[in-house]
Amino acid sequence: MSHCANFIDGQWIDSREIIDNINPADTDDVIGQYAQASVADVEQALAAASASFADWSCGSIQQRFDALDAIGTEILDRREELGRLLAREEGKSLGESIGEVIRAGQIFKFFAGETVRLQGEILDSVRPGVQVEIMREPVGPVAIITPWNFPIAIPAWKIAPALAYGNSVVFKPSNLVPASAWALTDIISRSGIPKGVFNLVMGSGNSVGGHLLNDRRIKAVSFTGSLHTGAVVAEACSKHGTKYQLEMGGKNPLIILDDADLDVAVNCAVNGAFFATGQRCTASSRLIVEAGIHDDFVAAINVAVKDLRVGDPLKEGTQIGPVVDESQLNQNLKYIEIGKDEGATLLVGGGRVERDTPGFYQEPALFIDTNNNMRINREEIFGPVATVIKVADFEEAIAVANDTIFGLSAGICTRSLEFATRFKRECKAGMVMVNLPTAGVDYHVPFGGTKDSSFGAREQGSYAREFFTVVKTAYVGR
């Protein structure tokens, strides 16, 4: 089996060390073999990004527009093919996978437009005869480190703005999902971007990631991943004065008030908690339910969860695919036992299930009789596991929702304008939803959280410029 190489300085660079990319829905299916970058490879990528930055950053914005637009067009044209590839390697259902690919294409299209929309300011100085110009310039060579749960969308929403604003890039994807990263790189390699501006180095976080974090040629690091690794990134960047941006997960609440439409509430909860196998940082892992609707809601969601179809993501009718790998599955199962030991009632699901092919399948799990002090309500599980917390009223609901170290996404189901308005103001999260799932965001508006969920400038939309550019003030005498 031939293997897929790293892309460095405009060339595909082979490697002695390779890894197999295994389909989590069928562990007998090897999707491909992917090169692991050596220290020398990473050094070459860093040198290429550094050497190419000056010309790219000062070059034609039309060239940037054309390249990003071409990337977006090809992604959208190949949505079915790339969606199937994504489903095979990550495990989310085919419909969700194709949707993710479409979003990646839309992101590149959006940032193609941003290349010609970047604005500055001209002001009069307080000193007569002096004019002040305020402009934005690219940061420099940027390291982009991405997780496995959105293997093409998250790289897209980091790479596209980095390139649009004139930065060069060294991209390290998760080793669990190299196929989508490689396919995206292949598209970028044929877009007309000059050699050295974009580089792919696949490999482990310890070797490749660590090297990127500790090299002074990197001027900014954009990272999405775990809270623990985010702290490592922050420490390394702080030592070198490197700009950094962190997205690190959540323990997202969905409040359901007595006046909520029951069908809307159940749909929001099931979508937010269990779609994409619960492997979304915006997933609704805590369902905070007011006492008057609690029993009806529990009865209805119990039926809805039991009806979810777990299986091969490529098969028609599958709603919940496998967990991404055995390690993640074992962690999920460990939390099921932790919840039971803490006194929570496992209402439905939670166990490993067998299908026609060997894979990492888990039944969606729902706990009831929980409180916010339990570990299953404090720690991010990152799987198809949700809990119900019963509360007396809105005041207790909002207090419980905010009682977490995380603050990424939060939602409420209510017909009350008063409570919806109070929720939007009082909930301590970066993104809040009313009568919508906590997972599901647009590409043209800012994404990010508060507290330990995020650090630094927002991602996506025009707000991405805050991270990928720096402000320069020029004084001109007349």
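Here, the structure is the one placed above.
Residues numbered from 1 in each chain as written. Predicted model: local features only at pLDDT ≥ 70, side-chain atom pairs only at ≥ 80, totals over all residues. Heavy atoms only, no water.

**Regarding the packing of aromatic side chains**
Then, number 1: Summed over the entire model, instances satisfying the criterion amount to eleven aromatic pairs.
Then, number 2: Relative to Phe 447, the ring of Trp 157 lies with its centre 5.2 Å away and its plane at 40°, an arrangement referred to as tilted. Placement of the pair is Trp 157 in helix H5 (residues 153-164) and Phe 447 in the loop between strand S22 (431-434) and strand S23 (450-451), with a sequence separation of 290 residues.
Then, number 3: A connected cluster of aromatic rings, assembled from ring pairs, spans Phe 110, Phe 111, Tyr 165 and Tyr 443.
Then, number 4: Sitting above the plane of the Phe 150 ring, Lys 92 keeps its charged end 4.3 Å from the centroid. (Phe/Tyr/Trp six-rings, centres within 6.5 Å; stacked < 30°, edge-to-face > 60°. Helix = DSSP H or I, 4+ residues; strand = E, 2+ residues; numbered from the N terminus. Lys NZ or Arg CZ within 6 Å of the ring centre and 35° of its normal.)

**Some words on the pattern of salt bridges**
Then, number 1: Evaluated as defined, the whole model comprises 22 salt bridges.
Then, number 2: In this structure, Glu 466 and Arg 136 form a salt bridge, with 3.1 Å as the shortest nitrogen-oxygen distance. Taken together, the residues span a long stretch of sequence, with Glu 466 in helix H15 (residues 465-468) and Arg 136 in strand S7 (residues 130-138) at a distance of 330 residues.
Then, number 3: Judged by relative accessible area, Glu 466 falls into the partly exposed class, the value being 34%.
Then, number 4: The salt bridge partner of Asp 261 is Arg 415, with a shortest N-O separation of 3.5 Å. (Salt bridge = Lys/Arg side-chain N within 4 Å of Asp/Glu carboxyl O. Buried < 20%, exposed > 50% of the residue type's maximum accessible area, 1.4 Å probe, protein only.)

**Some thoughts on the sheet that holds S7**
Then, number 1: Strands sit in the order S6-S7-S25 across an open sheet of three strands; the sheet is antiparallel. Either end of the sheet is taken by a strand with one partner, and the two such strands are strand S6 (121-124) and strand S25 (469-477). Neighbour to neighbour, the strand axes of the sheet diverge by 25° on average, direction disregarded.
Then, number 2: Judged from the four bridges that link them, S6 and S7 form a sheet pairing that is antiparallel. Its bridge partner lying in S7, Leu 123 is registered against Val 132. (Pairing = 2+ DSSP bridges. Axes fitted to C-alpha atoms, helices over the stretch in contact; angles between N-to-C directions.)

**Some thoughts on the side chain of Gln 245**
Then, number 1: Among the structural elements, Gln 245 can be located in strand S12 (residues 243-247).
Then, number 2: The exposure class of Gln 245 is buried, given its relative accessible area of 1%.
Then, number 3: Only 3.0 Å separates the side chain of Gln 245 from the backbone oxygen of Ala 457, close enough to count as a polar contact. (Polar contact = N/O pair within 3.5 Å; in protein donor to acceptor, adjacent residues only side chain to side chain.)

**Thoughts on the packing of helix H9 (residues 262-274) against helix H10 (residues 291-307)**
When two helices pack together, their arrangement is given by the angle between the helix axes and by the axis-to-axis distance.
Then, number 1: At a minimum axis distance of 10 Å, the contact between H9 and H10 shows a crossing angle of 50°. Regarding the angle of H9 to H10, the classification is oblique. Handedness of the H9/H10 crossing: right-handed. Residues Leu 262, Ala 265, Val 266, Ala 269, Val 270 and Phe 274 of H9 form the contact with H10, whose participating residues are Ile 293, Asp 296, Phe 297, Ala 300, Ile 301, Ala 304 and Val 305.
Then, number 2: Taken together, the residues of the contact of H9 with H10 break down into twelve nonpolar, no polar and one charged. (Parallel < 35°, antiparallel > 145°, perpendicular 65-115°, else oblique. Left-handed = near helix turned anticlockwise from the far one by under 90°. Contact = heavy atoms within 4.5 Å. Nonpolar A, V, L, I, M, F, W, Y, C, P; charged D, E, K, R; others polar.)

**A closer look at helix H4 (residues 94-114)**
Then, number 1: For H4, which comprises 21 residues, the first-to-last C-alpha distance of 30 Å matches the rise-based estimate of 30 Å (1.5 Å per residue) to within 8%.
Then, number 2: For H4, a buried count of 15 out of 21 residues is recorded, marking the element as mostly surrounded by other parts of the structure. (Expected span 1.5 Å × (residues − 1).)

**A look at the nonpolar core**
Then, number 1: Ranked by size, the top nonpolar core spans 62 residues in total, and within it Ile 75, Phe 108, Phe 111 and Ile 159 carry the most contacts.
Then, number 2: Among the elements that make up this core, the one with the highest residue count is H5 (nine residues).
Then, number 3: For Phe 108, the contacting residues outside a window of four places in its chain are Leu 68, Ile 71, Gly 72, Ile 75, Ala 156, Ile 159, Ala 160, Leu 184 and Ile 188. (Core = buried A, V, L, I, M, F, W, Y, C linked by side-chain atoms within 4.5 Å.)

**Regarding the pairing of strand S9 (residues 169-172)**
Then, number 1: Where burial is concerned, the two faces of S9 agree: the one with Val 169 and Phe 171 and the one with Val 170 and Lys 172 are both buried.
Then, number 2: Bridge analysis of strand S8 (residues 142-145) against S9 gives four bridges, and the strand direction is parallel. If you follow Ile 145 over to S9, its bridge partner there is Lys 172.
Then, number 3: Taken together, S8, H5 and S9 constitute a β-α-β crossover, and its handedness is right-handed.
Then, number 4: The pairing of S9 with strand S10 (residues 198-200) spans three bridges and is classified as parallel. Across the sheet, residue Val 169 finds its bridge partner in S10, namely Phe 198.
Then, number 5: At this point the chain moves from S9, through helix H6 (residues 178-189), to the parallel S10, and the crossover so formed is right-handed. (Right-handed = clockwise from strand over helix to strand, strands pointing away.)

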